Amino acid sequence: MRWDIYPLVKTKDGRRRGEFPLGTLSRSNDGEIKVDCPDAQTATKLRLHFSSPLSVRRSLGSQASVVFHSWETINPDAEDFFEEALSRLHWLNLAAVPYSLS
Amino acid sequence: MLDPLFTMNSQNQRLIENTQRSSDAVRTQAMKETKEKRRSHVRDLTDLDPDLDDLSGDLLGDMDPDSFGGGGSASRFRQMWEDDVEGEETFQQPGDTIFDEGQGTCAIAVSSGSPDESPEYMDGEPDGQESYPEEDVHSEIAEEAEPTKEASEPEQDAQVPEEEPEENIAEAEPAPADVPSARDGSSGAEEKPKSSERVIIPTGAEEKPERTVRTETVRVEVPSARDTVQVNAPAEKAPPDDVDKPAAAPQIWGISSLLDMSEGFILHESSSEVVEKKKTARKKSAASEKVLSADIGEVLDAIMEGDKESPAWDKVRHLLSRFGKGVLRTCAANKIKVCLLPGGTLGSYPAIRNAENGDKAAGGAYIPETHTLVVDESLFDDAPLGFHPVLYYFAMAWDHALGDEDFASMKSPAVKASFEACRTGMDGHRFPDLMSAVSPVHYFAQAVEAYLSENDCDEPLWSREDLYDFDRSMYSYIEYMFKQGNK
């Protein structure tokens, strides 16, 4: 899978995806994440973001009985780590778009 | 017997014009007419200026290489100069006592007292059109510079007839002593000293200082005249007397001084001020939330249970007040309860203790069967991480209250459509995290929590701005829901 990395540009109507991508992000089947970005600073931030553990919340219980949650720290080698990290790219003022949609 | 239909030769015509010019009133009228002609740019280039002695000078003006085909700024400036300064002086008659007396004042008064006319001199004429030939202008400048040479006028007048043969127009009649000849044009000012007042000033650098002086005089007066029209003159241009009137700068209309801070208008905020505002936002919000309206307080007292003396009691009340009185009343009507548990006892709550992984519960929980929201007091020891469980689970309770027996988000087309759009990765829709993707109930609760968040958490998963930027449809739907619920 491949994603294009775009900057988030502030506009009068909120943040919008930039016109041109800054680089690409690919993930192999074995879970290896590869960052391809000409900008060294952006590339460094991306590599650091995808290599640091994340604190994610887990939904527990059910709607029939009780709904609650817990916090869990996941490592980069976890299955859902990449999706969680992608959903938090806006912390870096970046946005990821699947290559098929860009 | 005089034939009524007679042709006036140029000599008679000139004599009449000279006589007319001796009168200030007539001269002023002539000046106005000339200015009108200039404005309308209706000037017959073939029309000969009767003031000219040298006809060739008039024709030469049209073929002046400076203005011939010239569109440059230098040629335009020169044209403007000639129109503004030197054009006025063509009406000045050397040797005329009356004219000399009012000569300087007349020229200046026209430019300063009539701001409407001044732009005419400022704009100048289009290229290719000269109001007066250079030679005439030079001679007129000389006349102004030395008006005291009237004594030598008879001597210079004697020289005039010598130049007459050069002109096509005969000038046999001697000009009167006090009315100098209107023959100003000459191919070269140096060649023809006309009258005692007319000091020949050759073209060149020597004239420039005078010209610059006059320019400054004229130009300075024009702005001042305009300033008098505009009441709110800038403070920096005001005389020292106005310094004592700091706050009296009028703000009637038009331009106001950037230095005037009487209205306290802030042009921008510095970055440091913005940072300080963000830092003190939590403190101010906490201080402002201490005062709740009686209606909201009454509803909260009806739905909340627990230790009222606990410091977390007021914090929970202020968080729930963000939902609004109408939403709180709806929840109260559906028997929603908010239970504040002592610190560290969330896992021991019966419903949670019996659930799988109940010992891992953190912050709060919602029990749909009993319509109860349970909150642990230890949640308020520090700022919660990622999101605020009180807002999250009360949103779930509100969702449950709207849906009667089931959750309304499970049946709402808007929520289900947005949820599906996020699940398929449609542009403009995405989940904040994987927990929001569990069900529309979690999706709706997270969206409400993001909508009501006000810098409550550390590293928030989604802020209100994030919801607006990344899931606009859900933001609009929640905004609509609150408006409808708090009518």
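Worth saying up front: this structure is predicted, and the values here are computed from it rather than measured.

Caption draft 1: Just the interface of chain A and chain B, in detail. Each side of the interface is counted separately: chain A has 28 residues, and chain B has 47 residues. Both faces combined, the contact of chain A with chain B buries some 2900 Å², and carbon together with sulfur accounts for 55% of it. Contact with chain B buries area across many residues of chain A, yet A:Arg57, A:Gln63 and A:His69 alone supply 26% of it, more than any other trio. Note that B:Asp469 is salt-bridged to A:Arg15, the shortest N-O span being 2.6 Å. Applying the counting rule to chain A against chain B returns 18 residue pairs in polar contact (both at pLDDT 80 or more). Where strand 6 (residues 67-74) of chain A lies against strand 3 (residues 364-367) of chain B, two bridges are found, and the strand directions are antiparallel.

Caption draft 2: Layout of the sheet that holds strand 1 (residues 304-305) of chain B. Strands sit in the order 5(A)-6(A)-3(B)-4(B)-2(B)-1(B) across an open sheet of six strands; the sheet is mixed. Both edges of this open sheet fall to strand 5 (54-61) of chain A together with strand 1 of chain B, since each of them pairs with a single strand only. One ladder, built from five bridges, connects strand 2 (residues 337-341) of chain B with strand 4 (residues 372-376) of chain B; its direction is parallel. Considered in strand 4 of chain B, the bridge of B:Leu340 is made with B:Val375. Against the sheet, helix 16 (residues 389-402) of chain B contacts strand 5 and strand 6 of chain A together with strand 2, strand 3 and strand 4 of chain B, and its axis sits at roughly 10° relative to strand 3 of chain B.

Caption draft 3: Layout of helix 17 (residues 413-423) of chain B. Residue and element names in this part refer to chain B. Within helix 17 the residues assigned to the buried category are Val 415, Ser 418, Phe 419, Ala 421 and Cys 422. All buried residues of helix 17 project into a common sector of 160° when viewed along the axis, lining one side. When the buried face of helix 17 is taken as reference, the exposed residues oriented beyond 90 degrees from it are Pro 413 and Arg 423. The inward-facing, buried residues of helix 17 contact helix 18 (440-452) and helix 20 (472-485).

Caption draft 4: Up close: the packing of aromatic side chains. All names here are of chain B. This structure, assessed with the given rule, holds 17 aromatic pairs over all chains. Here the aromatic residues Phe 323, Phe 394, Trp 398, Phe 444, Tyr 451, Tyr 468, Tyr 475 and Phe 482 are joined through ring pairs into a cluster of three or more. Against the face of Tyr 451 rests Arg 464, its NZ or CZ located 4.1 Å from the ring centre.

Caption draft 5: Main features of the nonpolar core. In this structure, B:Phe323 and B:Phe394 are the most contacted members of the largest nonpolar core, which totals 72 residues. Tallying contributions element by element places helix 16 of chain B first for this core, with 10 residues. Dropping the residues within four chain positions of it, B:Phe394 is found in contact with B:Ile303, B:Leu320, B:Phe323, B:Leu328, B:Cys331, B:Ile336, B:Val338 and B:Leu373. If you look at the next biggest cluster of nonpolar residues, it comprises 17 residues, including A:Trp3, A:Leu54, A:Ala85 and A:Leu86.

Caption draft 6: Focus on the side chain of A:His90. Along the chain, A:His90 falls in the loop between helix 2 (81-87) and strand 7 (94-98). With a relative accessible area of 5%, A:His90 lands in the buried category. One polar contact links the side chain of A:His90 to the main-chain carbonyl oxygen of A:Ser87, over a distance of 3.2 Å. For A:His90, the contacting residues outside a window of four places in its chain are A:Leu8, A:Arg15, B:Arg430, B:Leu461, B:Trp462, B:Asp466 and B:Phe470.

Rules used in this analysis
Residues numbered from 1 in each chain as written. Chains lettered and ligands numbered in written order. Predicted model: local features only at pLDDT ≥ 70, side-chain atom pairs only at ≥ 80, totals over all residues. Heavy atoms only, no water. Contact = heavy atoms within 4.5 Å. Buried area = accessible area lost by both parts, 1.4 Å probe. Salt bridge = Lys/Arg side-chain N within 4 Å of Asp/Glu carboxyl O. Polar contact = N/O pair within 3.5 Å; in protein donor to acceptor, adjacent residues only side chain to side chain. Pairing = 2+ DSSP bridges. Helix = DSSP H or I, 4+ residues; strand = E, 2+ residues; numbered from the N terminus. Axes fitted to C-alpha atoms, helices over the stretch in contact; angles between N-to-C directions. Buried < 20%, exposed > 50% of the residue type's maximum accessible area, 1.4 Å probe, protein only. Arc of directions from axis to C-beta. Phe/Tyr/Trp six-rings, centres within 6.5 Å; stacked < 30°, edge-to-face > 60°. Lys NZ or Arg CZ within 6 Å of the ring centre and 35° of its normal. Core = buried A, V, L, I, M, F, W, Y, C linked by side-chain atoms within 4.5 Å.

Take it as geometry only, folks, not as evidence of what the structure does.
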